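One letter stands for each residue in the lines below.
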Amino acid sequence: MSPLLARVGRLAPRRADWRPAELRHDLTAGVMVALVALPLALGFGVSSGVGAGAGITTAVVAGAVAAVFGGSHVQVSGPTGAMTVVLIPIVAAHGADGVLVVGLLAGLMLLGLAVTGAGRAIRYVPVPVIEGFTAGIAVIIALQQLPAALGVDVHAEKILALTADALRAWGSAPTWAAPSTAVGIAVLIVATARVRAGFPTALLLVAVATVGNARLADPDGTTPLATIGTIPSGLPAPRLPSVPWADLDTLALAAVAVAALGALESLLSATVADAMSVGQRHDPDRELLGQGLANLAAPLFGGIPATAAIARTAVNVRSGARSRLAALTHAVLLLVVVLVAARWVGQIPLAALAGVLIATAVQMVRVSSLVPLLRSTRGDAATLVLTAAATVALDLVLAVTVGLAAAGFFALRQAATTARLEEVPLDASDHQDEERRLLDEHIVAYRLDGPLFFAAAHDFLLELTEVKQVRVVVLRMSRLTTVDATGAHVLADIIGRLEQRGVTVLLSGTRPEHLVVLEHLGVRRRLAHERHLFASTPEAIEHARLHAARVEHDPGASLSSG
């Protein structure tokens, strides 16, 4: 038991998790995230079928627990659109108590994953699968909002059937108040985000729509647009949900899907947060622990399963968050809103929330990420499209399975067709004496052999980022047989990290077919100078020596000067 206890102890919160010196930055970020999170929490609660109260309860309870116990200092958790997609059929089949049971079971599964160290497996998910999965979820979230956006009351378990029913119902008796509200809010949110990211446009527009809808009410109190309705003025008393024992096997299977989605989305969000912030590195196993505890706590207060929210996390980072205090502040502020303003929150029009969520779906699709992937290789493009299509047409966990299978197939196929045995003459840099002289000049050369694709790319990253006391790194690419999108992303990340540390990176012997992929996915842009690509290793070594000598005599010499 001692190794298990040691692992559990490593996952426990630490005093170093909190940084009081950053109090001003964290409180400001917490306020901004709360303003953005309020309409999203309400909207996702309504979309799940459990109710707006369940959404705000989840944001408060899960947001606070995950902030304390999670593996990222800047992650924000709560109800999300991806989780809503999974919950809708569970609510339809088993009701609200069924969702709460699923949340508890998923929480236990996430704790098991944390203790067994499964969090690090996220590094093997290829980039096209992640982007395709995100794009598919964005489509589903947008389609889910059609009934509220059109002002019709229809329900269907399958998203395509729901879309058809909503369009048919609106076409039989079209009205324009709800569609104009939803579209107007969505357009304004997206447009404002391009000018001033992080500004709580959604909250402001929802407030305007709520006031306008109330002023247009009939004398009997009926409003033109349907509203959220009554929500609790505070958190419900904790209780254990009644377990439908006859359906426990079905609920357990649903809990597997919820746990898998919660782990995937939380770890992806934490990875994005690391990339956006300086000096932040999350602990994947601790992140699973925090999400597991959050999903155990939220159902006890009537909340729905939760996960980390990429959009809210991004707002948190952009607003200057430095520690967990920001996410905890966001949860406390949402609790205050529920306690003092529940009556006004209940008057928010459903069409306004639909506009907010449609805007969220639009912002989830990053054209700057999708287009390069679609243009990189046929395998990456096919994997992305298959994953996105499976996400919309099938369930989310199956979609990830389809994406991984497709990525594996194309990667192995590409490796099999490009791998070959060829005799390569040794050059001077292959001799040990020459290598020692290069090291004395603070130069190191690495030769990349075989395929660089998603299964091996991260090991390569970990090895290269350990390079120390070096001024120039030469990456010899002539024996590289395969480069896919994930490999290119990792290579770009390596170059960026080394260049930030003042280490100049040179590439030699890059094949034309690989250069196309590297060009599309930003590897060349990460080099300090566009001329740092060489046809042969001797040319790169000669340039490296000139550069190292120049830096030796002038430490302030520009790395981008060639």
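Below you will find a few notes about this structure. Throughout, residues of each chain are indexed from 1 in the direction in which the sequence is written. Local features in a predicted model are, by the rule used here, given only for residues with pLDDT of at least 70; side-chain atom pairs are given and counted only at 80 or more, and totals for whole chains, interfaces and linings are based on all residues. Side-chain measures here rest on the full set of heavy atoms in the structure, leaving out hydrogens and waters.

### With respect to helix α20 (residues 485-500)
So, step 1. Strands are runs of DSSP state E lasting at least 2 residues, helices are runs of H or I lasting at least 4, and numbering of each runs from the N terminus. Multiplying one less than the number of residues by 1.5 Å gives the expected span of a helix. If you check α20, its first and last C-alpha atoms are 22 Å apart, about what 16 residues at 1.5 Å a residue would give, namely 22 Å.
So, step 2. The buried fraction of α20 amounts to 12 of the 16 residues, a majority that puts the element mostly inside the structure.
So, step 3. Those residues of α20 not exposed but buried are Ala485, Thr486, Gly487, Ala488, Val490, Leu491, Ala492, Ile494, Ile495, Gly496, Leu498 and Glu499.
So, step 4. Within 3.5 Å is the distance limit for a polar contact, defined as a pair of N or O atoms, with the added protein rule that one can donate a hydrogen and the other accept it, and that residues adjacent in sequence qualify only through two side-chain atoms. Its side-chain oxygen placed 3.3 Å from the backbone nitrogen of threonine 486, aspartate 484 serves as the N-cap of α20.
So, step 5. Just past α20, the residue glycine 502 takes up positive phi, approximately 85°. Per-residue accessibility, obtained with a 1.4 Å probe over protein chains only, is compared with the maximum for each type, and a residue is labelled buried under 20%, exposed over 50%, and partly exposed between these values.

### What to know about the packing of helix α5 (residues 127-144) against helix α16 (residues 378-393)
So, step 1. Fitted lines through C-alpha atoms serve as axes, helices being fitted only where they are in contact, and the angles separating the N-to-C directions of these axes extend from 0 to 180 degrees. In contact at an axis separation of 7 Å, α5 and α16 are set at 35° when each is read in the N-to-C sense. Along this stretch, α5 crosses α16, giving a crossing that reads as right-handed. Counting all contacts with α5, which are made through Pro128, Val129, Glu131, Gly132, Phe133, Gly136, Ile137, Val139 and Ile140, the residues of α16 involved are Asp380, Thr383, Leu384, Thr387, Ala388, Thr391 and Val392.
So, step 2. Here the nonpolar group is Ala, Val, Leu, Ile, Met, Phe, Trp, Tyr, Cys and Pro; Asp, Glu, Lys and Arg are the charged ones; every other residue, Gly included, is treated as polar. Broken down by class, the residue content of the contact of α5 with α16 amounts to 9 nonpolar, 5 polar and 2 charged. A crossing counts as left-handed when the near helix is turned anticlockwise from the far one by less than a right angle, and as right-handed when that turn is clockwise. Whether two residues are in contact is decided by their heavy atoms: any pair within 4.5 Å suffices.

### Focus on the nonpolar core
So, step 1. Counting 88 residues, the largest nonpolar core has Leu42, Ile90, Val258, Leu334 and Leu396 as the members making the most contacts within it.
So, step 2. If one sorts the elements of this core by residue count, helix α4 (residues 81-115) sits on top with 14 residues.
So, step 3. Ignoring sequence-local partners within four residues, the contact set of leucine 396 consists of Ala82, Val85, Val86, Phe133, Ile137, Ile140, Leu261 and Thr391.
So, step 4. The next biggest cluster of nonpolar side chains, apart from the first, holds 29 residues, and it includes Met477, Val503, Val505 and Val517. Within this scheme, the nonpolar core is defined by two criteria: the residues are buried Ala, Val, Leu, Ile, Met, Phe, Trp, Tyr or Cys, and they are joined through side-chain atoms within 4.5 Å.

### Some thoughts on the packing of α5 against helix α15 (residues 367-376)
So, step 1. Where α5 contacts α15, the axes come no closer than 11 Å and their chain directions differ by 130°. Between α5 and α15, the angle falls in the class oblique. Where α5 crosses over α15, the handedness of that crossing is left-handed. Contacts between α5 and α15 involve Val127, Pro128 and Glu131 on the former and, on the latter, Ser369, Leu370 and Leu373.
So, step 2. By residue class, the composition of the contact of α5 with α15 is 4 nonpolar, 1 polar and 1 charged. Orientation labels follow simple angle bins: below 35 degrees gives roughly parallel, above 145 gives roughly antiparallel, 65 to 115 gives roughly perpendicular, and whatever is left gives oblique.

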